[in-house]
Amino acid sequence: MYFSLNKVICLLAGPIAAGIVAALVASSGHTFPVVFTAMIVTWCAVWWVLEPIPIAVTSLLPIALFPMFGVLTATQVGAAYGNKLVLLLMGGFMLSTAMERSGAHRRLALMMVQLFGGNSAQGANPKRVVFGFMAATALLSMWISNAATTLMMLPIAMAVLERSSNRRLPVCLLLGIAYAASIGGTGTPIGTPPNLIFIDNFKKIGGEVPSFTQWAIWTWPIIAVMLPVTAFWLTRNLPTTESLVLPKVGHWRSEEKRTLAVFVVTALLWMTRSEPFGGWSDLLGIPDANDASVALIAVIAMHLIPNGKGEMLMTWEDVSKIPWGILILCASGMCIAEAFRSTGISEMVGQELGALGTMSPLIVVGVTCLALTFLTEVTSNTATANLLLPILALIPIADPKLVMIPATISASFAFMLPAATLPNAIIFGSDRIRISQMVREGIVLNLLGVVIVTAMCYLLL
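None of these values were measured; they are calculated from a predicted model.

Parameters and conventions
- Residues numbered from 1 in each chain as written.
- Predicted model: local features only at pLDDT ≥ 70, side-chain atom pairs only at ≥ 80, totals over all residues.
- Heavy atoms only, no water.
- Helix = DSSP H or I, 4+ residues; strand = E, 2+ residues; numbered from the N terminus.
- Rg over C-alpha atoms; globule rule 2.2 N^0.38 Å.
- Contact = heavy atoms within 4.5 Å.
- Areas by Shrake-Rupley, 256 points an atom, 1.4 Å probe, with all protein chains shown as cover.
- Lys, Arg positive; Asp, Glu negative; His and termini not counted.
- Charge placed at Lys NZ, Arg CZ, Asp CG, Glu CD.
- Buried < 20%, exposed > 50% of the residue type's maximum accessible area, 1.4 Å probe, protein only.
- Expected span 1.5 Å × (residues − 1).
- Arc of directions from axis to C-beta.
- Axes fitted to C-alpha atoms, helices over the stretch in contact; angles between N-to-C directions.
- Parallel < 35°, antiparallel > 145°, perpendicular 65-115°, else oblique.
- Left-handed = near helix turned anticlockwise from the far one by under 90°.
- Disulfide = S-S within 2.5 Å.
- Salt bridge = Lys/Arg side-chain N within 4 Å of Asp/Glu carboxyl O.
- Core = buried A, V, L, I, M, F, W, Y, C linked by side-chain atoms within 4.5 Å.
- Polar contact = N/O pair within 3.5 Å; in protein donor to acceptor, adjacent residues only side chain to side chain.
- Phe/Tyr/Trp six-rings, centres within 6.5 Å; stacked < 30°, edge-to-face > 60°.
- Lys NZ or Arg CZ within 6 Å of the ring centre and 35° of its normal.

K.L.:
Requested: an account of the overall build of the protein, with residues and values cited.
P.N.:
A tally of regular secondary structure across the protein gives 23 helices and 0 strands. Against the 2.2 N^0.38 benchmark of 23 Å for 461 residues, the protein shows a C-alpha radius of gyration of 23 Å, consistent with a compact globule. Overall, the protein is about 75 × 55 × 55 Å in size when its C-alpha atoms are taken along their principal axes. A sequence separation of at least 24 residues applies to 78% of the contacts in the protein between residues at least 6 apart. With the model as given, the accessible surface of the protein reaches about 19200 Å², and the carbon-plus-sulfur share is 68%. In the protein, the 25 positive side-chain charges and the 22 negative ones have mean positions that sit 12 Å from each other.

K.L.:
Describe helix α21 (residues 401-410), with residues and values.
P.N.:
With 10 of its 10 residues buried, α21 lies for the most part within the structure. When α21 is considered as a whole, its buried residues turn out to be K401, L402, V403, M404, I405, P406, A407, T408, I409 and S410. Buried residues along α21 sit in contact with α11 (193-204), α12 (212-234), α19 (361-375), α20 (381-392) and α23 (435-460).

K.L.:
So, helix α13 (residues 254-272): which residues are in play, and what are the values?
P.N.:
Relative to the 27 Å expected for 19 residues at 1.5 Å per residue, α13 spans 27 Å between its end C-alpha atoms, a close match to the ideal helical length. Among all positions in α13, only E255, E256, T259, L260, V262, F263, T266, A267 and W270 are buried. Within α13, the buried residues cover an arc of 160° as seen down the axis, which keeps them to one side.

K.L.:
Give a detailed account of the packing of α11 against helix α17 (residues 324-343), specifying residues and quantitative values.
P.N.:
Contact pair α11 / α17: the axes reach a minimum separation of 10 Å and the direction vectors enclose 20°. The angle between α11 and α17 places the two elements in the roughly parallel class. For the element pair α11 and α17, the recorded crossing hand is right-handed. Judged by residue contacts, P193, L196, I197, D200, N201 and K204 of α11 engage I326, C330, M334, A337, E338 and R341 from α17.

K.L.:
Kindly report on unusual backbone geometry, identifying the contributing residues and their values.
P.N.:
With a phi close to 55°, E51 is a non-glycine residue in the positive phi region. Here E51 falls in the partly exposed class, since its relative accessible area comes to 45%. With phi around 65°, D431 is a residue other than glycine that occupies positive phi space. For D431, a relative accessible area of 69% corresponds to the exposed category.

K.L.:
Run through the state of the cysteines, naming residues and quoting values.
P.N.:
On inspection of all chains with the given rule, the structure shows 0 disulfides. This cysteine, C369, is not joined by any disulfide, and C457 carries the nearest cysteine sulfur, 6.3 Å off. Residue class for C369 comes out buried when judged on its relative accessible area of 0%.

K.L.:
Please give an account of the pattern of salt bridges that cites residues and values.
P.N.:
Tallying each qualifying case throughout the model produces 12 salt bridges. Where K204 meets E338, a salt bridge forms, and the shortest distance between an N and an O atom there is 3.8 Å. Of the two residues, K204 sits in helix α11 while E338 sits in helix α17, which places them 134 residues apart along the sequence. Given a relative accessible area of 31%, K204 falls into the partly exposed group.

K.L.:
Give me the environment of N6: which residues, what numbers.
P.N.:
Along the chain, the position of N6 falls in helix α1 (residues 5-27). With relative accessibility at 55%, the residue N6 sits in the exposed group. Taking the C-alpha atoms as reference points, N6 and P52, 46 residues apart in sequence, are found 8.9 Å from one another.

K.L.:
For the nonpolar core, give the residues involved together with the corresponding values.
P.N.:
One recurring pattern in soluble globular proteins is that nonpolar side chains are buried together. By size, the foremost hydrophobic cluster in this structure holds 146 residues, and its most contacted members are F66, F133, M153, F198 and W270. Once residues within four sequence positions are removed from consideration, M153 is found in contact with A109, V113, F133, A136, T137, L140 and I177.

K.L.:
Can you tell me about the packing of helix α10 (residues 169-184) against α23, naming the residues and giving the values?
P.N.:
Where α10 meets α23, the axes come as close as 11 Å, and the angle between the chain directions of the two elements is 50°. With respect to α23, the axis of α10 lies oblique. In terms of crossing hand, the pair formed by α10 and α23 is right-handed. On the side of α10, the interface is formed by V171, L175 and Y179, while α23 contributes Q437, M438, E441, G442 and L445.

K.L.:
So, the side chain of T315: which residues are in play, and what are the values?
P.N.:
Here T315 lies in the loop between α15 (291-304) and α16 (316-319). In terms of polar contacts, T315 uses its side chain to reach the side chain of D318, at 2.8 Å. Sequence-distant contacts of T315, that is, excluding residues within four places in its chain, are made with R101 and H303.

K.L.:
So, the packing of aromatic side chains: which residues are in play, and what are the values?
P.N.:
To describe a pair of aromatic rings, one takes the distance between the centres and the angle between the planes. On inspection of all chains with the given rule, the structure shows 14 aromatic pairs. Look at W143 and F263: their rings are 6.3 Å apart centre to centre, the planes differ by 85°, and that puts the pair in the edge-to-face class. Taken together, the residues W143 in the loop between α8 (126-141) and α9 (146-161) and F263 in helix α13 connect sequence positions 120 residues apart. You can call F263 buried: its relative accessible area is 8%. Following the ring pairs from residue to residue traces out a cluster consisting of W143, F212, F263 and W270. Lying across the ring of W252, R107 places its NZ or CZ 4.7 Å from the centre. If you follow R236 out to its NZ or CZ, it ends over the ring of W233, 3.7 Å from the centre.

K.L.:
Go over the environment of V129, please, and point to the residues and values.
P.N.:
By the element assignment, V129 lies in helix α8. The exposure class assigned to V129 is buried, which follows from its relative accessible area of 0%.

What follows is the structure, given as structure tokens:
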């Protein structure tokens, strides 16, 4: 049987909910583009949450139907799906694939784990090992996708667990990796898709696109607080009498050195494109240069530089394995945001949210963080950002980023359920973690995250 009863119900829930919303909006006297947009967005939201078909396939609804029914032109839809932020995310995925192919990411991870965990020959304190794994995971997930980072760290962690009889260690170590991947991903614009969705929506309401350095100023203090808090919470009952032996790093290989060199140069070009003093784009007289161009040039370079084994650092077969579905999902949100603006829904929602402008910004930020954190437990953080950031951009406060940045970060700070984030799902799939353990540890971190993000953003922004 191709469709179970549960799947049929989930499939029908989308168009039924969309039809009900369309009828309600139409009864209020709104125009067809407004009614149709509300209908399609509702349909997407229900299917994104229930997942009767892959999330990426659901994300094709706007690109297929908006131009067909005149909500957007084909040019507007194409601009959303070819947005430079989508291209930047694509370039970032490709570069992370090259890092995985060379093995440089594994070496960096082991070096950091040993730095925090102690000398592998003498054994290491279990708490320091967990801290080391979390620090390495957070750092790598700033540049490599959260899922790829978690998948890379998992076998290293399993090798450590095989040498330990500590019953508490699997929960601390594996959940630490999953949570650190989500926390670290907030640290750069390419760390996780919601970051780029924020940038796109912030730019469209007149905000200045943040540089890599500006983004770091906003997010790294939060990471610097949230990561150790998470580590201390997870390891609060972890015995420290056992000494753990860590895997050896081994000698550097030429492909690792070359891949890492390209990656470092790319990161430096991202950070210095617009600053200091206008950056290299101003110095060279190319003000239209963007981070997506830098990423794609680096991808081309990877295809031209030999790896020392008769091949190049990257091949097209490697590139074809990147998560294209995430790109479609991210672009779908940009398409929906454009439909909100062109149909006037944004303006109407902004008027409805007018009362929020009179409330204390601290309360607005706190409620927003709480809502985003727990909503992400039942749908992907990218889908959540797609749906809510265009609306949050309309809250009538003096500085929209005071709400939008906390919301963006909170979309990644969901720690309770396997479905909340890909790192959670990957770690749960190891069969070493029970849902009850994830819920017990995660609910406290969810609430701590709400408090930390709210307080830090209110102070920093």
